[in-house]
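If you want the building blocks of each chain, they are given just below.
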Amino acid sequence: MSFKVIKTLLTTQYAYMLEYRIEIALWALSGVLPFIMFSLWSQNDVGNTFGLNDIGLARYFLSAFLVRQFSVVWVVFSFEEDSLSGRLSPYLLQPLHPLLRYVAAHLAEQATRLPFAIAIAITFFILNPSSFWLPSLPQFFLAYLSTHLAFSIAFLLQSLVAALCFWTEKSSSLERLIFVPYLFLSGLLVPLSAFPSNVLKIAMLTPFPYLINFPARILAGMPVDIFNGFLAQIFWISILIPSVNILWKLGVKRYTAMGA
Amino acid sequence: MPNNPSDLILVDQISKYYRVANKQPGFKGTLKHFFDRKTYDVPAVTDISFKITRGEIVGFLGANGAGKTTLLKMMCGLIHPSRGLVDVCGFSPQRRQTAFLKEITLVMGQKQQLIWDLPPMDSLYVNAAVYGLSDYEAKVRINELADMLELGEELTRPVRKLSLGQRMKSEILAALLHKPSVLFLDEPTLGLDVNAQARVRSFLSEYNKITGATILLTSHYMADITALCPRVICIHKGKLFYDGDFDSLANSLSPSREVKVELKNPCSKDQFEKYGEIQDFNDRFICLLVSRDKLTEVVSKLLTDFDIIDLEISDPPIDQLIGDLFIKGEVN
């Protein structure tokens, strides 16, 4: 795919997303689950159980919020709608993999979210001035990189489920199979340090801790095994890309171009 | 099937079956459907073969569910045939190779590829980038096609604000931007008003003349077929039952002509019974159905025997004839 295709897709999708800026502001606001969890845990004074003081807890959940803002994925829902309505058909007949259009849509949406996410972070600091911090440049760069890798894993995981649309037609219901472990094992509800060690060991064998917990800990400046974290992210991506590819190729043979 | 160099599309013994499951109504039916789902294959297309040469405009005729859209989808590579071979421009369509995709386009009357909330121009530049056109090439091509389609500032207005006709023309522009040599058009005039239909038809005819592109068209509007398609392929219940010249089909469907006569003085109905089958009658107007071989003789007799103000000879409405054909599923 040429640079020109990437540029054109991103600028067009960005223009499209700007048409929906109010909706995107609401979506950004709807991602406040980490703040709710922060409020819940800090009021119950369980920070120490998690190995974190109040400031650490605040920074972790703000980081989790920011990572979530830039790694959230909905490809399964868009793909299912396009597949059932027949909008997928023209995409399949163009010399560009349809999934790349969804990647562009997600990246454009992330760019549109940015000002809202910054505004929410500033509001958080105003309400919790003691938790204010600025990550160092290397920390920020590593967090940025790991968030993009987290987005890639999440996107590929959902694409895997989305490809099941070719068999089940309603694969969004199967997305729950990913969402529930994601919710509990990613670190969105509770830092993984709160888990018993044997549960933590099992959790670390799944891709979920690398979606929120790993990048959030880097951003918050918390101790984290950076080398193994990135290695695990790359491992999952290298497993998921061929898996999606195979499932896609098998599935597309079954495509019946419904509604088109 | 022997391969001729002028054949652009070869369809050989192609079949497509869809697997479906029926569900009985009610709670019991739901439980049975959930635990013991019975599926079976429904044939959509059965053993169809034909060839299409470069530059032809071919119309696919058939009632709803006859299999013409399925056939079109197999030829453009959107769905895989269950059996048989398809070759388009030397490619196997279902492999969807880049070189093949650059040769074809699919326009579906009720589906859009343009981004709803943005002006068509944005989608056009996405398509240009996807098909590897330079900005200059894209600009020239857009202007060229926009002129032919009579599109101007509509291209910079959000798609949602365009009329159906303007949207359809923009869709056609987007589909033709990469200069495809084979156009698959599935109901391209569906829902358009009479004027918009005529404009799309004249554009397609002009495009075919200028570029020599091959056009495969399905439509429920007979006007599309009569105006554009010298050749038609008729499909009934997934099977091909006619492939040939449209005029020959029309002639074989209607061995008679309608003769409408306006008389100067009122006459009785029985005076006309010997000339042909009476379709309509009032005092000074009569419509007769006359077989083609007796037409000249009957017309000259009418002119001799009656004081006639006006006489008109025409074919019976083709829509009605084709409608009857779909019910019958065969040509005499």
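Undergrad: How should the overall build of chain B be read in this particular structure?
TA: Looking only at helices and strands, chain B features 11 helices and 13 strands. In terms of overall dimensions, chain B has a C-alpha envelope of 70 × 55 × 50 Å along the principal axes. A buried classification covers 36% of the 332 residues belonging to chain B. Intrachain contacts of chain B at a sequence separation of at least 6 include 71% that bridge at least 24 residues.

Undergrad: Explain the nonpolar core here, please?
TA: In summary, soluble globular proteins display a tendency toward joint burial of nonpolar side chains. Membership of the largest hydrophobic core comes to 136 residues, with the highest contact counts inside it found for Phe61(A), Ile153(A), Met75(B), Phe184(B) and Leu216(B). The element best represented in this core is helix H8 (residues 137-162) of chain A, accounting for 11 residues. Residue contacts for Ile153(A): discarding those within four places in its chain leaves Pro207(A), Tyr210(A), Leu211(A), Gln233(A), Trp236(A), Ile237(A) and Leu240(A). Phe272(B), Tyr275(B), Ile286(B) and Leu302(B) belong to the second largest nonpolar core, which has 9 residues in total.

Undergrad: Quick question: what am I supposed to make of the pairing of strand E7 (residues 214-218) of chain B here?
TA: Residues in a regular strand project their side chains so that they alternate between the two faces of the sheet. All names here are of chain B. Across the 5 residues of E7, 5 count as buried, placing the element largely inside the fold. Of the two faces of E7, the one carrying Thr214, Leu216 and Thr218 and the one carrying Ile215 and Leu217 are both buried. Note: strand E6 (residues 182-186) against E7, 5 bridges, orientation parallel. Within E7, the position partnered with Leu183 by the bridge is Ile215. Regarding topology, helix H7 (residues 194-211) serves as the crossover connection from E6 to the parallel E7, and that connection is right-handed.

Undergrad: Is there a simple way to think about the interface of chain B and chain A in this case?
TA: Note on interface size: it is often stated as the accessible area lost on association of the parts. In this complex, chain B contributes 24 residues to the contact, which on the side of chain A involves 22 residues. At the level of elements, helix H2 (68-76), helix H3 (98-101), strand E5 (104-108) and helix H4 (120-130) of chain B are the ones that each hand at least two residues to the side of chain B that touches chain A. With 5 residues, H4(B) is the largest single contributor of residues to the side of chain B that touches chain A.

Undergrad: Help me out: how do you make sense of the sheet that holds strand E4 (residues 83-88) of chain B in this one?
TA: To summarise the sheet geometry, strands pair through backbone hydrogen bonds and adopt either a parallel or an antiparallel arrangement. Residue and element names in this part refer to chain B. Overall, antiparallel pairing links the 3 strands, which are arranged E2-E1-E4 in an open sheet. Since the sheet does not close on itself, it has two edges, and those belong to strand E2 (39-53) and E4, each with one partner. Going across the sheet, the axis of each strand differs from the next one's by a mean of 25°, ignoring polarity. As defined by bridge partners, strand E1 (residues 7-21) adjoins E2 across 11 bridges and the pair is classed as antiparallel. Its bridge partner lying in E2, Tyr18 is registered against Val42. Contacting E1, E2 and E4, H2 crosses the sheet at an angle of about 120° to E1.

Undergrad: Can you help me understand the confidence of the model for chain B in this one?
TA: Do not read the predicted coordinates in detail wherever pLDDT is low. Summing up the model confidence of chain B, the mean pLDDT is 88 and the portion of residues at 70 or higher is 96%. Interface scoring of the predicted complex returns ipTM 0.83; its pTM is 0.84.

Undergrad: Help me out: how do you make sense of the environment of Val244(A) in this one?
TA: All names here are of chain A. Mapped onto the fold, Val244 is located in helix H13 (residues 226-252). Separated by 86 residues in sequence, Val244 and Gln158 have C-alpha atoms that sit 9.4 Å apart. With residues up to four places along the chain from it excluded, the contact list for Val244 reads Leu156, Ser159, Leu160 and Ala163.

Undergrad: What is the right way to look at the sheet that holds E6(B) in this model?
TA: All names here are of chain B. Strand order in this open sheet of 6 strands is E5-E6-E7-E3-E8-E9, and the pairing throughout is mixed. The sheet is open, and its two edges are formed by E5 and strand E9 (239-245), each paired on a single side. If you compare each strand with its neighbour and ignore which way they point, the axes differ by 15° on average. With 5 bridges joining them, E5 and E6 adopt parallel strand pairing. What sits directly across from Thr105, in E6, is Leu183.

Undergrad: Which parts of the structure should I look at to understand the packing of helix H3 (residues 33-43) of chain A against helix H4 (residues 54-69) of chain A?
TA: When two helices pack together, their arrangement is captured by the angle between the axes and the distance separating the axes. Residues and elements named next belong to chain A. Where H3 contacts H4, the two axes come as close as 9 Å, and the packing angle between them is 165°. When the axis of H3 is compared with that of H4, the two are roughly antiparallel. Crossing of H3 over H4 shows right-handed handedness. Here Pro34, Phe35, Met37, Phe38, Trp41 and Ser42 of H3 lie close against H4, whose contacting residues are Asp54, Leu57, Ala58, Phe61, Ala64, Phe65 and Arg68. Per-class residue counts for the contact of H3 with H4 are 10 nonpolar, 1 polar and 2 charged.

Calculation rules
- Residues numbered from 1 in each chain as written.
- Chains lettered and ligands numbered in written order.
- Predicted model: local features only at pLDDT ≥ 70, side-chain atom pairs only at ≥ 80, totals over all residues.
- Helix = DSSP H or I, 4+ residues; strand = E, 2+ residues; numbered from the N terminus.
- Buried ≥ 20, exposed ≤ 12 C-beta atoms within 10 Å, placed from the backbone.
- Contact = placed C-beta atoms within 7 Å.
- Core = buried A, V, L, I, M, F, W, Y, C linked by C-beta atoms within 7 Å.
- Pairing = 2+ DSSP bridges.
- Right-handed = clockwise from strand over helix to strand, strands pointing away.
- Axes fitted to C-alpha atoms, helices over the stretch in contact; angles between N-to-C directions.
- pLDDT = per-residue confidence, 0-100.
- Parallel < 35°, antiparallel > 145°, perpendicular 65-115°, else oblique.
- Left-handed = near helix turned anticlockwise from the far one by under 90°.
- Nonpolar A, V, L, I, M, F, W, Y, C, P; charged D, E, K, R; others polar.

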